[in-house]
Amino acid sequence: MWQHKDLLGLERLTSAEIEHILRTAKPMKEILMRPVKKLPTLRGKAVFNLFYEASTRTRTSFETAAKVLGADTASIAVAQSSVSKGETLLDTARTLEAMRPDLVVVRHQASGAAEFLANHLKAGVINAGDGQHEHPTQALLDLFTMWEKLGDLAGKKVVIVGDVLHSRVARSNVWGLTKLGVEVVLIGPPTLLPDEMRVLGVECRHDLDRALPGADVVMALRLQLERQQAGLFPSLREYSRAYGLTSERLKRTGKPTLVMHPGPMNRGVEISSELANSPRAVIEEQVTNGVAVRMALIYLLTGGTAHVVD
Ligand code: CP
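Residues numbered from 1 in each chain as written. Predicted model: local features only at pLDDT ≥ 70, side-chain atom pairs only at ≥ 80, totals over all residues. Heavy atoms only, no water.

Colleague: Break down the packing of helix α5 (residues 136-150) against helix α11 (residues 283-301) for me, citing the residues and quoting the values.
Modeller: Packed helix pairs are characterised by how far apart their axes lie and by the angle those axes make with each other. One way to put it is that α5 packs onto α11 with a least axis distance of 8 Å and a crossing angle of 115 degrees. Taken together, the axes of α5 and α11 lie roughly perpendicular to each other. Like other packed secondary-structure pairs, α5 and α11 cross with a definite hand, here right-handed. Facing α5, whose interface residues are T137, Q138, L140, L141, D142, F144, T145, E148 and K149, α11 presents E285, Q286, N289, G290, V293, R294 and L297. When grouped by side-chain class, the residues that make up the contact of α5 with α11 number five nonpolar, six polar and five charged. (Axes fitted to C-alpha atoms, helices over the stretch in contact; angles between N-to-C directions. Helix = DSSP H or I, 4+ residues; strand = E, 2+ residues; numbered from the N terminus. Parallel < 35°, antiparallel > 145°, perpendicular 65-115°, else oblique. Left-handed = near helix turned anticlockwise from the far one by under 90°. Contact = heavy atoms within 4.5 Å. Nonpolar A, V, L, I, M, F, W, Y, C, P; charged D, E, K, R; others polar.)

Colleague: Can you lay out the site of the ligand for me, pointing to particular residues and giving the numbers?
Modeller: Lining the immediate environment of the ligand, one finds A54, S55, T56, R57, T58, R107, H135, Q138, P262 and G263. Within the contact set of the ligand, a nitrogen atom lies 3.0 Å away from a side-chain nitrogen or oxygen of Q138. Calculation on the ligand without its partners gives an accessible area of 250 Å², and the protein chains cover 90% of this total. Looking at side-chain class alone, the shell around the ligand contains two nonpolar, six polar and two charged residues. Formed jointly, the shell around the ligand draws a minimum of three residues from each of two domains, domain 1 (15-135 + 290-301) and domain 2 (136-287). (Near = heavy atom within 4 Å. Polar contact = N/O pair within 3.5 Å; in protein donor to acceptor, adjacent residues only side chain to side chain. Areas by Shrake-Rupley, 256 points an atom, 1.4 Å probe, with all protein chains shown as cover. Domains from an automatic or database assignment.)

Colleague: Mind laying out helix α4 (residues 113-120), listing which residues take part and the relevant values?
Modeller: Listing the buried residues of α4 in full gives A113, A114, L117 and A118. With its buried residues spanning 135 degrees around the axis, α4 presents them on a single face. Buried-residue contacts for α4 involve β1 (46-51), α3 (89-97), β3 (103-108) and β4 (124-130). (Buried < 20%, exposed > 50% of the residue type's maximum accessible area, 1.4 Å probe, protein only. Arc of directions from axis to C-beta.)

Colleague: Break down the nonpolar core for me, citing the residues and quoting the values.
Modeller: L140, L143, I160, L186 and M295 are the most contacted members of the largest nonpolar core, which totals 64 residues. The dominant element in this core, judged by the number of residues it contributes, is α11, at ten residues. The residue makeup of this core includes at least three contributed by each of domain 1 (15-135 + 290-301) and domain 2 (136-287). Aside from chain neighbours lying at most four places away, what touches M295 is M28, I31, L32, A65, V68 and L69. If you look at the next biggest cluster of nonpolar residues, it comprises 25 residues, including I187, L192, L250 and I283. (Core = buried A, V, L, I, M, F, W, Y, C linked by side-chain atoms within 4.5 Å.)

Colleague: Just give me the short version of the packing of aromatic side chains, but keep the residues and values in it.
Modeller: The way to describe two aromatic rings as a pair is by their centre distance and the angle between their planes. One pass over the full model with this rule turns up two aromatic pairs. Measuring from centroid to centroid gives 5.9 Å for F144 and W147, while their planes differ by 55 degrees, and the two rings are tilted. Placement of both F144 and W147 in helix α5 is noted, with a separation of three residues, approximately one turn of the helix. Residue F144 is classed as buried on the basis of its relative accessible area of 0%. When its relative accessible area of 27% is taken as the criterion, W147 is described as partly exposed. Geometrically, the ring pair formed by Y239 and Y243 is tilted, given 5.6 Å between the ring centres and 40 degrees between the ring planes. Of this pair, Y239 and Y243 are both found in helix α8 (residues 236-243), four residues apart, which corresponds to roughly one turn of the helix. (Phe/Tyr/Trp six-rings, centres within 6.5 Å; stacked < 30°, edge-to-face > 60°.)

Colleague: Before we move on, could you go through the pairing of strand β8 (residues 217-220) and cite the residues and values that matter?
Modeller: Across the two faces of β8 the burial is the same, with V217 and M219 and V218 and A220 all buried. Sheet topology places strand β5 (residues 157-161) next to β8; four bridges connect them, and they run parallel. For V161, the partnering residue across the bridge sits in β8 and is A220. Bridging between β8 and strand β9 (residues 258-260) involves three bridges; their strand directions are parallel. In the sheet register, V218 faces β9, and the bridge partner there is V259. (Pairing = 2+ DSSP bridges.)

Colleague: Quick rundown of the side chain of K157? Include the residues and the values.
Modeller: Within the secondary structure, K157 is located in strand β5. Here P213 takes part through its backbone oxygen, which lies 2.9 Å from a polar atom of the side chain of K157. Residues within four places of K157 in sequence aside, it is in contact with E183, V185, A211, P213, G214, A215, D216 and V217.

Colleague: Before we move on, can you summarise the pattern of salt bridges with the specific residues and values?
Modeller: Counting across every chain of the model gives twelve salt bridges. With a shortest N-O distance of 3.0 Å, E53 and R168 are connected by a salt bridge. Of this pair, E53 sits in the loop between β1 and α2 (57-68) while R168 sits in helix α6 (residues 168-179); the two residues are 115 residues apart in sequence, bridging distant segments of the chain. On the accessibility criterion, R168 (6% relative accessible area) is buried. Here D209 makes a salt bridge to R252, at a shortest N to O gap of 3.6 Å. Here D209, found in helix α7 (residues 208-211), pairs with R252, found in the loop between α9 (247-250) and β9; they are 43 residues apart in sequence, far enough to count as distant. If you follow the salt bridges from partner to partner, you end up with D209, R249 and R252 in one network. (Salt bridge = Lys/Arg side-chain N within 4 Å of Asp/Glu carboxyl O.)

Colleague: Which residues make up the environment of V218, and what values go with them?
Modeller: One can find V218 in strand β8. Judged by its relative accessible area of 0%, V218 falls in the buried class. As a C-alpha pair, V218 and L245 span 27 residues in sequence and 8.7 Å in three-dimensional space. Setting aside chain neighbours within four positions, we find V218 in contact with V159, V161, L212, L245, L250, T253, T257, L258, V259 and M260.

Okay, here's the thing in structure tokens:
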């Protein structure tokens, strides 16, 4: 069923492949929730993490996912590696490949870095976020969370609000959600949601309050201040007033809407602490589901069959 050496983005997957990953993640979550969460399924396999950008959730969850399935893992701390002595991405990757990993998980500040590695390595490559391009495993865990909570996603409405311009999470979610038949509305100030974003093929608007009615899910994006030039919005306070999620604002949906955030959150800017801590928010479940989805991906990319070996 699974045909790919690598997972580089959701743009290239079919809806059937996305659904296959979500279905495989379901038993993985059951395994993860057991008191003793350790299987021998991937004994003898090795997964390397190569992160050129900071990460808490993605890196730890890939490590956890590999270990639960019995694989060996190694995480390369780029700041303490030979990258700091000028070693190129390709030489670093070839050096790692000489140690015979089965999978390399890479996060890099350059869009296309994961594909570059995939074209040069025999090992499978998973994109853990490349520049402003894609963050496919985040979108898959978001889809899994929605699917668990809402069932079939076709016809549902998802509002994604914030720094769309710099967000690889938004791009991957747009590809994944639209392939599953979801109505997606992107919201942000014109500087963070310029007209060019319409090439993504979904509705782009600037008024959050008018987009909320009927939303089944509202996803706030992190303001990626590290990727922004100055002056994209007047102040954090004004941004929050126009685009910050609060319980009061959420009443406009007229539904028991799910509130999501990929993390890390800027509390009081993108989302109020009160809403982030409320039962409407599924932010911590997203993190748990991230381990299950990454277990499924590691399993499938290392040759796992349709029936999870338990
Ligand atoms: N959502 C996400 O990618 O979080 P990290 O940067 O902590 O991995």
